[in-house]
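For reference, the chains in residue letters:
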Amino acid sequence: MNERIRVPEVRLVGAQGEQIGVVKIEDALRMAQEQDLDLVEVAPTSKPPVAKLMDFGKFKYEAAQKVREARKNQVNTILKTVRFGLKIDDHDYGTKRGQITKFLKAGDKVKVIVVFRGREQSRPEMGIKMLQKLAEEVAELGAVESSPSIDGRNMVMVIGPLKNKADAKAEAKKAADKAAKAATSPAQPNEPAAPAAE
């Protein structure tokens, strides 16, 4: 038989957290029944064990809500990928640099890939030069996490954001709120009123 041995007395804590003191287990169970609450053992190893009067269903529900809320507020850093050709023109380079800037501002990591075609594979120093130039241009937003390395026909570098995703999200929300407030604010009171038409 695996029946639990009952303890003769418990240190009882009330529903509002008040200390009731050491009481017999029968009295604690009676008090729980009178208040329509559950008697929950919170510290079984202490002498005597500590029990609390609480609504256990409500307690479990609130704990689950906290977990759900924490999961909702959790943000995951995403690894974005941007590909470059070795013979990219200035306009396309600027566009791709703009994408990288946007990703880093949003708090995402960026995997930059330089693709080598044909004979370009014999000139890896050109890829390194391009990636170093790019890293310098976005240095105020991100830092190089893994320096350029050859991966088959490609050269890969990872740039991590200086701000984490949660901070970037909060900053973007603050900027959007500020812009919305500026758009809805009334005209300044110091501005002179327009003369009335006669």
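1. Digging into the packing of aromatic side chains
- With the rule as written, the count across this model stands at two aromatic pairs.
- Arranged with centres 6.0 Å apart and planes meeting at 25 degrees, the rings of phenylalanine 56 and phenylalanine 59 form a pair that is stacked. One end of the pair, phenylalanine 56, and the other, phenylalanine 59, are both in helix 2 (residues 56–73), three residues apart, so they sit about a helical turn from each other.
- On the accessibility criterion, phenylalanine 56 (33% relative accessible area) is partly exposed.
- Between phenylalanine 84 and tyrosine 93, the ring centres sit 5.7 Å apart and the planes meet at 50 degrees, which makes this aromatic pair tilted.
- Overall, phenylalanine 84 belongs to the buried group, its relative accessible area being 2%.
- When the ring centre of tyrosine 93 is taken as origin, the NZ or CZ atom of lysine 133, which lies over that ring, is 4.5 Å away.

2. As for the sheet that holds strand 1 (residues 9–13)
- Pairing within the open sheet is mixed, and its four strands lie in the order 2-1-4-3. Two strands bound the open sheet, and with one partner strand each, they are strand 2 (19–24) and strand 3 (38–43). Strand-to-strand twist in this sheet, taken as the mean axis angle between neighbours without regard to direction, amounts to 35 degrees.
- Where strand 1 lies against strand 2, five bridges are found, and the strand directions are antiparallel.

Here is what the cut-offs are and how they apply
- Residues numbered from 1 in each chain as written.
- Predicted model: local features only at pLDDT ≥ 70, side-chain atom pairs only at ≥ 80, totals over all residues.
- Heavy atoms only, no water.
- Phe/Tyr/Trp six-rings, centres within 6.5 Å; stacked < 30°, edge-to-face > 60°.
- Helix = DSSP H or I, 4+ residues; strand = E, 2+ residues; numbered from the N terminus.
- Buried < 20%, exposed > 50% of the residue type's maximum accessible area, 1.4 Å probe, protein only.
- Lys NZ or Arg CZ within 6 Å of the ring centre and 35° of its normal.
- Pairing = 2+ DSSP bridges.
- Axes fitted to C-alpha atoms, helices over the stretch in contact; angles between N-to-C directions.

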